[in-house]
Amino acid sequence: MAIIDKTFETIKFDYVGGVATIILNRPERLNSFTEQMHLELKEVLFVLQSRLDLRGVIISGEGRGFCAGQDLSERAVLPEGQVRDLSQGLEKNYKPLILAIRALPVPVVCFVNGVAAGAGLSLVLACDIIIAAKSASFLQAFVRIGLAPDAGSTYFLPRLIGTQRAMAMSMLGEVISAEQAEQWGLVWRLVEDTELVNEMQLMRERLQNGATCSYAAIKDLIYNSGTVSLEEQLTCEALAQRELGYTEDYREGTQAFFEKRKARFNGR
Ligand code: T3D
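The rules we used
Residues numbered from 1 in each chain as written. Predicted model: local features only at pLDDT ≥ 70, side-chain atom pairs only at ≥ 80, totals over all residues. Heavy atoms only, no water. Helix = DSSP H or I, 4+ residues; strand = E, 2+ residues; numbered from the N terminus. Rg over C-alpha atoms; globule rule 2.2 N^0.38 Å. Buried < 20%, exposed > 50% of the residue type's maximum accessible area, 1.4 Å probe, protein only. Contact = heavy atoms within 4.5 Å. Areas by Shrake-Rupley, 256 points an atom, 1.4 Å probe, with all protein chains shown as cover. Lys, Arg positive; Asp, Glu negative; His and termini not counted. Charge placed at Lys NZ, Arg CZ, Asp CG, Glu CD. Near = heavy atom within 4 Å. Polar contact = N/O pair within 3.5 Å; in protein donor to acceptor, adjacent residues only side chain to side chain. Nonpolar A, V, L, I, M, F, W, Y, C, P; charged D, E, K, R; others polar. Pairing = 2+ DSSP bridges. Axes fitted to C-alpha atoms, helices over the stretch in contact; angles between N-to-C directions.

**Looking at the overall build of the protein chain**
Item 1. Across its full length, the protein chain holds 10 helices and 10 strands.
Item 2. A globule of 268 residues ought to have a C-alpha radius of gyration of about 18 Å, and the protein chain, at 20 Å, matches this closely.
Item 3. Along the longest, intermediate and shortest principal axes, the C-alpha atoms of the protein chain span 70 × 45 × 35 Å.
Item 4. Counting the 268 residues in the protein chain, one finds 44% classified as buried.
Item 5. Intrachain contacts of the protein chain at a sequence separation of at least 6 include 69% that bridge at least 24 residues.
Item 6. Surface accessibility of the protein chain: about 14800 Å² in total, with carbon and sulfur atoms responsible for 56%.
Item 7. Computed over 28 positive and 33 negative side-chain charges, the separation of the two mean positions in the protein chain equals 2 Å.

Following this line, the structure appears as structure tokens:
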């Protein structure tokens, strides 16, 4: 039985073998975020957070874009003298979205199928592994409309590609090609456009059969490493390894090694 028994308006969702696939689905507006899309993403992430059998999440977009950030038609120019408090939408929608993705104890893999702009790029950057189609592109669009990058972009981008590149991308608002993004380390790997769907399926199978407890520990260790000393990190690694050493997957992994066969992990 489906874990969420409904059809969404702005996303497609499925859940197979513990792996969730979320496809942003407003192709005519390059999958830009609306209030409705935020509601639907919240609903899905809320359900995923409580799934003990969750083993991975895949995010991509429908059509020629990945996500063009905030849908600007929800931000009509106000009459002279009136102002809009943009922090409200960020606190209410974007902050919980980015934090929820980061908090999932499983790999969140983004398949960037086309342009990722504004908060759409922030969403990409929040994911653990980023794979892009060769025709994808990346744009810190904010400066073009008089804003600063948000939804985590100023946190993720300098960490991934360095301060100079993050600064220039954000201040100049130039489109960065997938090839350039790969050279800078913004994405893990590029795939042919025609191969993206196939690669997604291969990743789904890989996550369904992956060492899920290892993934959770890896996520914790790597994301927390920036805020602790080397000594503390070594302790964290030892503690994580102690827990992993008790898992069925560790037993299976070592047994498979000695038997010279591929491990069959059950994620426990
Ligand atoms: O507001 C707050 O709550 C603060 C938070 C902000 C977060 C943000 O994300 S702010 C940044 C918002 N995003 C942008 O400024 C990007 C706007 N889009 C673009 O600059 C371009 O569309 C792209 C460079 C991404 C792609 O260009 P291109 O030439 O490939 O496509 P296009 O023709 O511009 O777009 C196709 C259609 O999608 C077009 O509609 P049309 O003319 O065919 O009816 C276009 O208007 C629409 N579209 C694209 N992006 C958005 C959008 N409609 C609404 N909102 C968008 N963000």
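**Regarding the site of the ligand**
Item 1. Not every one of the 22 residues close to the ligand is listed here, only the nearest: Arg64, Gln70, Leu72, Arg75 and Ala119.
Item 2. Take Gln70: an N or O atom from its main chain is 2.9 Å from an oxygen atom of the ligand.
Item 3. At a separation of 2.9 Å, a nitrogen atom of the ligand approaches a polar backbone atom of Leu72.
Item 4. With the chains in place, 69% of the 1100 Å² that the ligand exposes on its own is no longer accessible.
Item 5. Classifying every residue of the shell around the ligand gives 12 nonpolar, four polar and six charged.

**A closer look at the sheet that holds strand E7 (residues 129–133)**
Item 1. With respect to topology, six strands assemble into an open sheet ordered E1-E2-E3-E5-E7-E10, the strand pairing being mixed. Single-partner strands in this sheet number two, and they are strand E1 (11–16) and strand E10 (189–191). Strand-to-strand twist in this sheet, taken as the mean axis angle between neighbours without regard to direction, amounts to 20°.
Item 2. The pairing of E7 with E10 spans three bridges and is parallel.

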